[in-house]
Amino acid sequence: MNTAIPGPIDPPARLLMGPGPISAYPSVLRAMGSPLVGQYDPFMTATMNETQELYRQVWGTKNDATLLIDGTSRAGIEAAMVSLIRPGDRVLVPVFGRFGHLLAEIAERALAEVHTIEVPWGQVFPVSAIREAVERVKPHLVACVQGDTSTTMLQPLEEIGEICRAHGALFYSDATASLGGNPFEMDAWGLDAATAGLQKCLGGPSGSAPISLSERAVEVARSRARVEAGIREEGDAVSSDFIRSNYFDLAMILDYWGPRRLNHHTEATTMLYGARECARVLLLEGRDAVIERHRLHGDAMLAGVEGLGLTVFGDVAHKMTNVVAVEIPEAVVGDAVRAELLSDFGIEIGTSFGPLHGRVWRIGTMGYNARTDAVLTTLAALEAVLRRHGAAVPAGGGVEAAQGVYVGARA
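The paragraphs below set out a description of the structure included in this document. (Residues numbered from 1 in each chain as written. Predicted model: local features only at pLDDT ≥ 70, side-chain atom pairs only at ≥ 80, totals over all residues. Heavy atoms only, no water.)

What follows covers the overall build of the protein chain. Scanning the protein chain from terminus to terminus reveals 13 helices and 13 strands. The C-alpha atoms of the protein chain give 22 Å as radius of gyration, which agrees with the globular expectation for 411 residues (22 Å, within 12%). Over its C-alpha atoms, taken along the principal directions, the protein chain stretches across nearly 75 × 60 × 55 Å. In the protein chain, which comprises 411 residues, the proportion classed as buried is 58%. Looking at the protein chain alone, contacts between residues at least 24 apart form 71% of all its contacts between residues at least 6 apart. Only carbon and sulfur atoms are counted for the fraction: they give 54% of the accessible area of the protein chain, which is about 16900 Å². Put simply, the protein chain has 35 plus and 48 minus side-chain charges, and the middle of one group is 1 Å from the middle of the other. (Helix = DSSP H or I, 4+ residues; strand = E, 2+ residues; numbered from the N terminus. Rg over C-alpha atoms; globule rule 2.2 N^0.38 Å. Buried < 20%, exposed > 50% of the residue type's maximum accessible area, 1.4 Å probe, protein only. Contact = heavy atoms within 4.5 Å. Areas by Shrake-Rupley, 256 points an atom, 1.4 Å probe, with all protein chains shown as cover. Lys, Arg positive; Asp, Glu negative; His and termini not counted. Charge placed at Lys NZ, Arg CZ, Asp CG, Glu CD.)

Pasting the structure below:
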């Protein structure tokens, strides 16, 4: 049977203005085209060490245990949670969107005793509610999303670490959607574990998950160490309470990234190059400058959608800098507008999940796409499509409102 062989991959031009993934920085794509080397080549191990130091600065930490998990951002989440949670441990998850539910799901699969508190989507928790829940539940681990793209909300974390420490709990945060575009201070806020992905504000592709662990978190992971039989050496720990995943076993992964260079897996070289470049680009511009850039272009997009007469979803005072949710006008079919933006303008925006599916669009301004031309082009295209679908929107209202933000910033 003869089967036609497809031609070389040739993706269409796209401007990814959804909640992620986004268009990668060109230098990240170039870095990922660099030649491969062996996993223990001196260049490889030096690059791993460089990447660790770069991400310490990105996270705002001195944690030695700062590295990458090979896999999407969810791989980082799973590695943190299955390594830190023993069966029967109490885990508290504040849920304010889809990804809080995900943390609870992963904790449950790790056989934790899971406790959740919830607020309506579009809101965040006052610190008093989290304090009360910690005092009541007495958890081993508090797992909290920082920025939940399903709702676009940004949960304040600054006081939670102190609460956890006072009650003997570990504090973990999923910063996939927020790291790089919103303030994050791992050490100052008292976090024990944090994970992210490259495909949002860090401006890379999905496939590598930065993670950082405090000494307390490392101690928990190490106490559950069991080196697999084929690479085990005399004197290696063989805990009976071992981490229940081999691939996401942080005790072994730490030894892979550490001086021992335990042969746990083969590092995804191309993703390492990409992750390194994401951090390098961010730090070259300056961590605070990148956050400010996300704030500026996020403010411009917010003003722009309001200038089109669209209603913004949720508590805007607690919105992430890098994504806005707008309610879909009753006069239009949301998916049809998104499809036309993609087919006619090459622009992708997102819908949402659960109770917000079909109710809101999510428009991102993050990473490489947190820039003026991307914002103005998206607003102009959105206006054109809305008009074609019968929505009454002010002519030029979106672009004009966004330009007002830019003019004000230059004044």
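The next subject is the pattern of salt bridges. In a structure, side chains of opposite charge can pair up when their charged atoms sit close to one another. Under the defined criterion, the tally for this structure stands at 24 salt bridges. We note a salt bridge from Arg-287 to Glu-185, for which the minimum N-O separation is 2.8 Å. With Arg-287 in helix α10 (residues 287-307) and Glu-185 in the loop between β8 (170-174) and β9 (193-195), this residue pair connects regions lying 102 residues apart in the sequence. For Arg-287, a relative accessible area of 22% corresponds to the partly exposed category. For Glu-277, the salt bridge is made with Arg-280, and the minimal N-O distance between the two is 2.8 Å. With a gap of three residues between them, Glu-277 and Arg-280 both fall in helix α9 (residues 269-285), about one helical turn apart. The exposure class assigned to Glu-277 is buried, which follows from its relative accessible area of 7%. Counted as one network, the salt bridges with shared partners bring together Glu-53, Arg-56 and Asp-64. (Salt bridge = Lys/Arg side-chain N within 4 Å of Asp/Glu carboxyl O.)

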